[in-house]
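Inside the fold
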Amino acid sequence: MEIAYVCEWEKRPKSNHCPSIPLVCAWSCRNLIAFTTDLKNEEEDKDLSHMIHIIDTDHPWDVNSINSGHTEVISCLEWDQSGSRLLSADGDGQIKCWGMSEHLVNSWECTQSSSVDGDPIVALSWLHNGVKLALHVEKSGSTNFGEKFSRVKFSPSLTLFGGKPMEGWLAVTVSGLVTVSLLKPNGTLLTASESLCRLRGRVAVADIAFTGGGNIVVAATDGSSSSPVQFYKVCVSVVNEKCRIDTELLPSLFMRCTTDPVRRDKYPAVTHLKFLTRENSEQVLLCASSQMGSIVECWSLRKEGLPVNNIFQHRSPVVGEKQPMILKWRILSATNDLDRVSAVALPKLPISISNTDLKVASDTKFFPGLGLALAFHDGSIQILHRLSLHTMGVFYGSSGSSQRVGEEPAIKRQRAGGPTLHFKALQFSWTSLALVGVDNHGKLHMIRVSPSMGQMLDMNTLLRHLLFLLEYCMVTGYDWWDVLLHAQPSMVHNLLEKLHEEYMRQNQALQQVLSTRIVAVKASLCKLSSATAARACDFHAKLLLIAISSTLKSLLRPHVLNTPDKSPGDRLSEICTKNTDTDIDKVMINLKTEEFVLDGPPLQSLQQLIQWVGDFVLYLLANLPNQGSIVRPGFGFLRDGASLGMLREMLVMIRIWGLLKPGCLPIYTATSDNQDSMFLLFRLLTKLWLCCDTELCVDI
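Remember, predicted model here, so these are calculated numbers, not experimental data.

Describing the layout of surface pockets
The probe, sized like a water molecule, is rolled over the atoms to show the empty space still left. In this structure, the second largest pocket encloses a volume near 1,500 Å³. Around the second largest pocket, the lining is made up of 41 residues, and of these Val519, Lys542, Asp640, Ala642 and Ser643 lie nearest the centre. Only helix H6 (492-504), helix H7 (508-513), helix H8 (515-526), helix H9 (533-554), helix H10 (568-578), helix H14 (641-660) and helix H15 (677-694) provide two or more residues apiece to the lining of the second largest pocket. Element by element, the count of residues in the lining of the second largest pocket is highest for H9, at 8 residues. Here the lining of the second largest pocket is built from residues that sort into 14 nonpolar, 15 polar and 12 charged.

A word on H8
The terminal C-alpha atoms of H8, which comprises 12 residues, lie 17 Å apart, in line with the 16 Å expected from a rise of 1.5 Å per residue. Taken residue by residue, H8 has Ile518, Val519, Val521, Lys522, Ala523, Ser524, Leu525 and Cys526 as its buried positions. Taken together, the buried residues of H8 touch helix H4 (459-476), helix H5 (481-484), H6 and H9.

Quick notes on the sheet that holds strand E11 (residues 104-115)
The strand order E8-E9-E10-E11 describes an open sheet built from 4 strands, whose pairing is antiparallel. Only two strands of the sheet have a single partner each, and these edge strands are strand E8 (74-79) and E11. Averaged over all pairs of adjacent strands, the angle between strand axes in this sheet comes to 25 degrees, irrespective of strand direction. Of the pairings in the sheet, the one linking E8 to strand E9 (residues 85-90) comprises 5 bridges and is antiparallel in character. Paired with Glu78 across the bridge in E9 is Leu87.

Notes on the environment of Gly371
Looking at the secondary structure, you find Gly371 in strand E27 (residues 371-376). In sequence terms Gly371 and Leu387 are 16 residues apart; their C-alpha atoms lie 8.5 Å from each other.

Criteria and thresholds
Within each chain, residues carry numbers counting from 1 in the order of the written sequence. Only residues with pLDDT of at least 70 get local features here, since the model is predicted, and only at 80 or more are side-chain atom pairs given and counted; chain-wide, interface and lining totals rely on the full set of residues. In computing side-chain properties, one takes all heavy atoms of the structure into account and sets aside hydrogens as well as water. Whether a set of points on the 1 Å grid over the protein atoms alone is a cavity depends on a 1.4 Å probe fitting there but being unable to get out, while an open set qualifies as a pocket with protein on both sides within 12 Å along at least five of seven lines; lining residues are those with an atom within 4 Å of a point. Grid points are joined across faces, edges and corners, and a volume is the space filled by probe spheres set on the points. By the criteria applied, helices consist of DSSP H or I runs no shorter than four residues and strands consist of E runs no shorter than two, each listed in order from the N terminus. Throughout, the ten residues Ala, Val, Leu, Ile, Met, Phe, Trp, Tyr, Cys and Pro are labelled nonpolar, Asp, Glu, Lys and Arg are labelled charged, and all others, Gly among them, are labelled polar. To estimate the expected span of a helix, count its residues, drop one, and scale the result by 1.5 Å. The rule is simple: take the accessible area with a 1.4 Å probe, protein chains only, and divide by the maximum for that residue type; under 20% is buried, over 50% is exposed, in between is partly exposed. Here, two residues are considered to be in contact whenever any of their heavy atoms come within 4.5 Å of each other. Strand pairing is assigned whenever DSSP identifies at least 2 bridges connecting the two strands. To get an axis, a line is fitted to the C-alpha atoms, and for a helix only the part in contact is used. The angle between two axes follows their N-to-C directions and goes from 0 to 180 degrees.

As structure tokens, then:
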């Protein structure tokens, strides 16, 4: 493991640390990180433990702090599947839903709220929307994205008419109550609460998972390792415009350490309880602790044959009769005695964790998503295999250095005076290549997790793994910031070429869906190397060009209702592609100008975008004498026939709109009063476009 950077909240005031207050953090698929602190500004007498802080990993120095309005300490934070909404819950049973205001990451507002007054929330989750993607490591060499990343049949927690998933959230309280809030299409909130079982008891630690059939599974414990860990099936439905909750008791388990005579009283408290993945309710991770240490166990739910009494074993079996089966929890693995665990983080990468898939992952040396992270009170972090629980990597936070397993430290770490810095909250990124943690002093740390997990990988293997994860981010729409942490400048050129090759092998429909995403990925990759910095400018300009073209074409409307299948924008593209005339007025003749008729005010409001398009065309044509300079921004457009064709289409639209309202035309400084600048630009641009299509290099 390697440290990427450590960022500290600069506005952190001097405070008296209160270790009893929990810290929580959550990492969204858009690489937005939400976290809380337990600080108190003594000068302003302001309790900051009720604040929610949100940062973008691209700009970690900009902290957006929200006054949550919670009256008690925030105990849970949960992002939704799109990464645009955030749930917060506190120790008074208050739950709030936060959304972006005007789609701005630095502006948040509370859109909905629910409460279970006086009942602290111990577990919180959004209802599942039924979207689950499987990542097939064994097919990473395939040319088809559909084989690498397949959609898994998974039912939403609750559906509306037509099978559309219903949005909402589920929470578990300390008194053993489960509460559900449903967001109706009209914006109102439908809430209901129900006891997990008839005999309610205290719930100290809980977690929530989902099944493929649309059910919800809740795991709960009262915090004592000698008590059973209970599992409940929760079914949510809407009957007569009212939310209904049905619960059912599932098989429970006792931790193995309580049955060991040596460890029976050594770890009295269950401090962490987590399902290995939110979509897998059959594997759970448990951590029992004391003031001196901890132990971690991994359990799996399996079907086993029900033993039959000896009286019935001699009975003649009936044809077709099957042995009765029963669900039973079996321990998969357990650690030895560990230091005291302060936080646990599980990977979000959807890698299947059956023994067969794990063998394939081991053969391909693809390790991201196979390890879970444990933070200890001495400040260190260990990455453990999430099934076998053997150590894969160690990070010593206090010394700021990393060490692979099996290596002896050259110098023993010196213990610093005062309280030890350790992580109280820990979260993996969505590709498992980074960790974020909040320590007991309110600092936010970002740690880079190597894809090799301490193993020796050659450059080609590492490059293939990074490419695989970039493709995964393109298909899912997740942010790829954490993947870029491991892309060295020397890899950029190969990653760009291979990413483009894989993209061109996909079918036309998928290429159209991913057209803007691959441009954004290329732009971020080019920023990593000084040799490709100019290309990054070209890719960003292309994104803006696509956005402007889509905006302008969306204003076109057919002049009659019974129109053919093609829209005016599609017909414009088709005509401009077939017509290679350099005279813009001759191209306009083939168009139905009535489809371009707009009112005056909308046209005038587009003048700034139109001016940018005209200036950009002028800049490209002015760069032609210097086209041999690859490092010059704009060089990529000189050989990009698709982008040049897009510019031709927009010039034709601007020409027509200029006849309706001359004030919307771009302004140029011409050499003579009778010079038609638009006519000249279109003629030169068309010749350049023809050169790109015919792959000829001629002087235009």
